[in-house]
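# Secondary and tertiary structure notes
Next come the chains, spelled out residue by residue.
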Amino acid sequence: MTSGKLTLVATPIGNPEDMSPRAKKALAMADLVLCEDTRVTGLLLAELGLKVNLLSYHEHNAESRHPLILERLQAGETVALVSDAGMPLISDPGERLVRLVLAAGIPLSVIPGPNAALTALAASGLDSSRFVFEGFLPARGKERRTRLTELRDEPRSLILYEAPHRLLRTLTDLAATGLGERKVSIGRELTKKYEEYLYLTVAEAKALYTETAPRGEFVLVLEGRAEFESRQPIREQNIVAADNIDDLIRERLAVGGRLRQIAQEVAELTGRSANTVYERILQLKKIKSEAPRLGDSDGRRQ
Ligand code: SAM
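Residues numbered from 1 in each chain as written. Predicted model: local features only at pLDDT ≥ 70, side-chain atom pairs only at ≥ 80, totals over all residues. Heavy atoms only, no water.

### Overview of the sheet that holds strand β9 (residues 196–201)
In a beta sheet, neighbouring strands are held together by backbone hydrogen bonds and run either parallel or antiparallel to one another. If you walk across this open sheet you meet the 5 strands as β6-β7-β10-β8-β9, and the pairing is mixed. Both edges of this open sheet fall to β6 (131–135) and β9, since each of them pairs with a single strand only. On average, each strand axis in the sheet is tilted by 20° relative to the strand beside it, whichever way the strands run. Pairing analysis gives 5 bridges linking strand β7 (residues 157–162) to strand β10 (residues 218–222), with the strands arranged antiparallel. Note on β10: the bridge partner recorded for L158 is L222. Contacts from helix α5 (residues 116–123) reach β6, β7, β8 (183–188), β9 and β10 within the one sheet, and its direction differs from that of β10 by about 50°. Taken strand by strand, helix α8 (residues 202–211) contacts β8, β9 and β10, and its axis lies near 120° from that of β9. (Pairing = 2+ DSSP bridges. Helix = DSSP H or I, 4+ residues; strand = E, 2+ residues; numbered from the N terminus. Axes fitted to C-alpha atoms, helices over the stretch in contact; angles between N-to-C directions. Contact = heavy atoms within 4.5 Å.)

Here it is in structure tokens:
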């Protein structure tokens, strides 16, 4: 009996025009298309003008679907697997099915296409010669803490996926793990109408999303330890200046001007991030306003 074939088919991550002709053809030819959510894939198929046999296949029903899928493949059918968006198996279902199919000696092919991680990496301006895909961090607990510590020591660029409602939590945890000064490139709504790339430090991104609620889909590309440390000589040269950071701030405050502008100037001089300097300006202003003046109760002249 001739066995069928499993084809993993990439679909767009936002822009329907990213569907390749080959991917479209593979879906049109498949006897059965497995998808995470029949409504999501149904919409894509409607846009493509395709009518196919759809069957849901996700984290919660994968095991129970395997016998049927194997049976159909062994009967010579062509089965395609898609996820809601992008490459199947990349933070999406399919790994167990691929292993089963390989173990059963059934042919497998992949039709590559859009992927949020690589799209964001390409635009990140960070080291793309060696990188690590981390996907979603564990949501909480010891596993999350251990992973964060591992990330801190990882020399290569790191790619993270994050849901909007957890983005600030993750940036806060990264900063608390000592990664506040690392560069982070944030790719939002990639290939969609409101696509945006931000180039910040982790501390700056944390400050931004503390003030503005994150919306849409996000990929974070985090500077690895090797690249961060390669910038170290410049940072160290600036430590002398950084020691004088308070003096630099005070000089400029005495002249006057917008605090954000002062923070920017001092940041450029000292190699610190503008937000770090801004926070220091606020602290210095607070200290000054709280300092006991001569004649006050604490600073009373004897
Ligand atoms: N399989 C997909 C791929 O190849 O990129 C990833 C699926 S994963 C379940 C979903 C996550 O991918 C989102 O939470 C987000 O982090 C990222 N993502 C997917 N599409 C995106 C887009 N258009 N812009 C930014 N991030 C996206």
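### As for the site of the ligand
The full set close to the ligand counts 19 residues, and D92, N115, Y161, L190 and F218 are the nearest of them. M87 places a polar main-chain atom, nitrogen or oxygen, 2.9 Å from an oxygen atom of the ligand. In the environment of the ligand, a nitrogen atom lies 2.8 Å from a nitrogen or oxygen atom belonging to the side chain of D92. Counting residues per element, the ones that place at least two in the shell around the ligand are β7 and β10. In terms of residue class, the shell around the ligand is made up of 10 nonpolar, 4 polar and 5 charged. When residues of the shell around the ligand are assigned to domains, at least three map to each of domain 1 (5–114) and domain 2 (117–225). (Near = heavy atom within 4 Å. Polar contact = N/O pair within 3.5 Å; in protein donor to acceptor, adjacent residues only side chain to side chain. Nonpolar A, V, L, I, M, F, W, Y, C, P; charged D, E, K, R; others polar. Domains from an automatic or database assignment.)

### Quick look at the pairing of β7
Summarising burial for β7: 6 of the 6 residues are buried, a large majority. Covered by surrounding structure in β7 are S157, I159 and Y161 together with L158, L160 and E162, the residues of both alternating faces. Bridge count between β6 and β7: 4 bridges; the pairing is parallel. If you follow G135 over to β7, its bridge partner there is L160. (Buried < 20%, exposed > 50% of the residue type's maximum accessible area, 1.4 Å probe, protein only.)

Purely geometric numbers; function is a separate question.
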